[in-house]
Amino acid sequence: MAGADTPGSGTAGEAAGYLAQAVALAVRSVGSAGGPFGALVVAPDGRVFEGTNRVTATNDPTAHAEVVAIRRACSELGSFELSGCVLYSSCEPCPLCLSAALWARLDRVYYAADRHDAARAGFDDAAFHDYIRGGGNASLLPVEQVEVPGSGEPFRSWAALATRTEY
């Protein structure tokens, strides 16, 4: 865990500084065919891993700034989990980015602008937030389980694998 005196620990003054960097990164992203979002993952040792929104530049709907920063941090740190790290985002994470932060086991997330600021600029993810909470339009993305024989076999195989990496 990041401590109070550890780089990236998330103190109030430190958060403002990293958020200012994320906002500047987002502005630069706009000028390089990216979306107006920037994010930083800061490791306990002070290393900073940047990400910008590359959705339209790479035709990848998952290439949000936070996801790009998380991927970079995981790759360079050689780990799929980022406990001890803090995510700083120029904007409130969408459900995709928040899920990625949870799966990465980040210690904390700070953001500058909120989802309403993003919506005013044409990036309205309110329907996704509503859908995740269960109060949205279910026809947005119908999801249905269909039972098939052997559907539990991958999990039985995983449980029996002595060399598996827990996560």
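On a predicted model such as this, the values are computed, not experimentally measured, just so you know. (Residues numbered from 1 in each chain as written. Predicted model: local features only at pLDDT ≥ 70, side-chain atom pairs only at ≥ 80, totals over all residues. Heavy atoms only, no water.)

(A) Representation of the overall build of the protein. For the protein, the helix and strand inventory stands at seven helices and four strands. Secondary structure elements in the protein, listed N-terminal to C-terminal, are α-β-β-α-α-β-α-β-α-α-α. Along the longest, intermediate and shortest principal axes, the C-alpha atoms of the protein span 55 × 40 × 30 Å. Across the 167 residues that make up the protein, the buried fraction comes to 32%. When contacts within the protein are restricted to residue pairs at least 6 apart in sequence, long-range pairs at least 24 apart make up 49% of them. When the accessible surface of the protein is split by element, carbon and sulfur atoms take 58% of a total near 10000 Å². Averaging the positions of the 12 positive and the 19 negative side-chain charges in the protein gives two centres separated by 2 Å. (Helix = DSSP H or I, 4+ residues; strand = E, 2+ residues; numbered from the N terminus. Buried < 20%, exposed > 50% of the residue type's maximum accessible area, 1.4 Å probe, protein only. Contact = heavy atoms within 4.5 Å. Areas by Shrake-Rupley, 256 points an atom, 1.4 Å probe, with all protein chains shown as cover. Lys, Arg positive; Asp, Glu negative; His and termini not counted. Charge placed at Lys NZ, Arg CZ, Asp CG, Glu CD.)

(B) Representation of the packing of aromatic side chains in the model. All chains considered together, the criterion is met by five aromatic pairs. Judged by centre distance (5.7 Å) and plane angle (75°), the rings of Phe-80 and Tyr-167 are edge-to-face. Separated by 87 residues along the polypeptide, Phe-80 in the loop between α3 (65-77) and β3 (86-91) and Tyr-167 in the segment after α7 (153-160) bring together distant segments of the chain. In this structure Tyr-167 comes out as exposed when scored by relative accessible area, which is 64%. (Phe/Tyr/Trp six-rings, centres within 6.5 Å; stacked < 30°, edge-to-face > 60°.)

(C) Looking closely at the nonpolar core. Val-41, Ile-70, Leu-82, Cys-85, Leu-87 and Leu-106 are the most contacted members of the largest nonpolar core, which has 18 residues in total. Put simply, the parts of the chain that give this core at least two residues each are β1 (38-42), α3 and β3. A per-element tally of this core places α3 first, with five residues. The next biggest cluster of nonpolar side chains, apart from the first, holds 10 residues, and it includes Leu-19, Ala-22, Leu-25 and Val-86. (Core = buried A, V, L, I, M, F, W, Y, C linked by side-chain atoms within 4.5 Å.)

(D) View of the confidence of the model for the protein. Summing up the model confidence of the protein, the mean pLDDT is 92 and the portion of residues at 70 or higher is 94%. In this model, residues 1-5 is a region of pLDDT below 50 whose contacts with residues beyond four sequence positions or in other chains number eight contacts. (pLDDT = per-residue confidence, 0-100.)

(E) Expanded view of the layout of surface pockets. Here the largest pocket is characterised by a volume of approximately 330 Å³. Lining the largest pocket are 19 residues, with Phe-37, His-64, Cys-94, Phe-123 and Asp-125 sitting closest to its centre. Residue assignment for the lining of the largest pocket shows that the elements contributing at least two residues are α2 (55-58), α3 and α5 (115-120). For the lining of the largest pocket, the per-class residue count stands at 10 nonpolar, four polar and five charged. (1 Å grid on protein atoms, 1.4 Å probe; cavity = no way out; pocket = protein on both sides within 12 Å on 5 of 7 lines; lining within 4 Å. Points joined across faces, edges and corners; volume = space filled by probe spheres on them. Nonpolar A, V, L, I, M, F, W, Y, C, P; charged D, E, K, R; others polar.)

(F) How the structure looks around the sheet that holds β1. Taken in spatial order, the four strands make up an open sheet running β2-β1-β3-β4, and their pairing is mixed. The strands lining the two open edges of the sheet, one partner per strand, are β2 (48-52) and β4 (108-113). Each adjacent strand pair in this sheet contributes to an overall mean axis angle of 15°, direction not counted. Bridging between β3 and β4 involves five bridges; their strand directions are parallel. Following the sheet pairing, Cys-91 is matched in β4 by Ala-113. (Pairing = 2+ DSSP bridges. Axes fitted to C-alpha atoms, helices over the stretch in contact; angles between N-to-C directions.)

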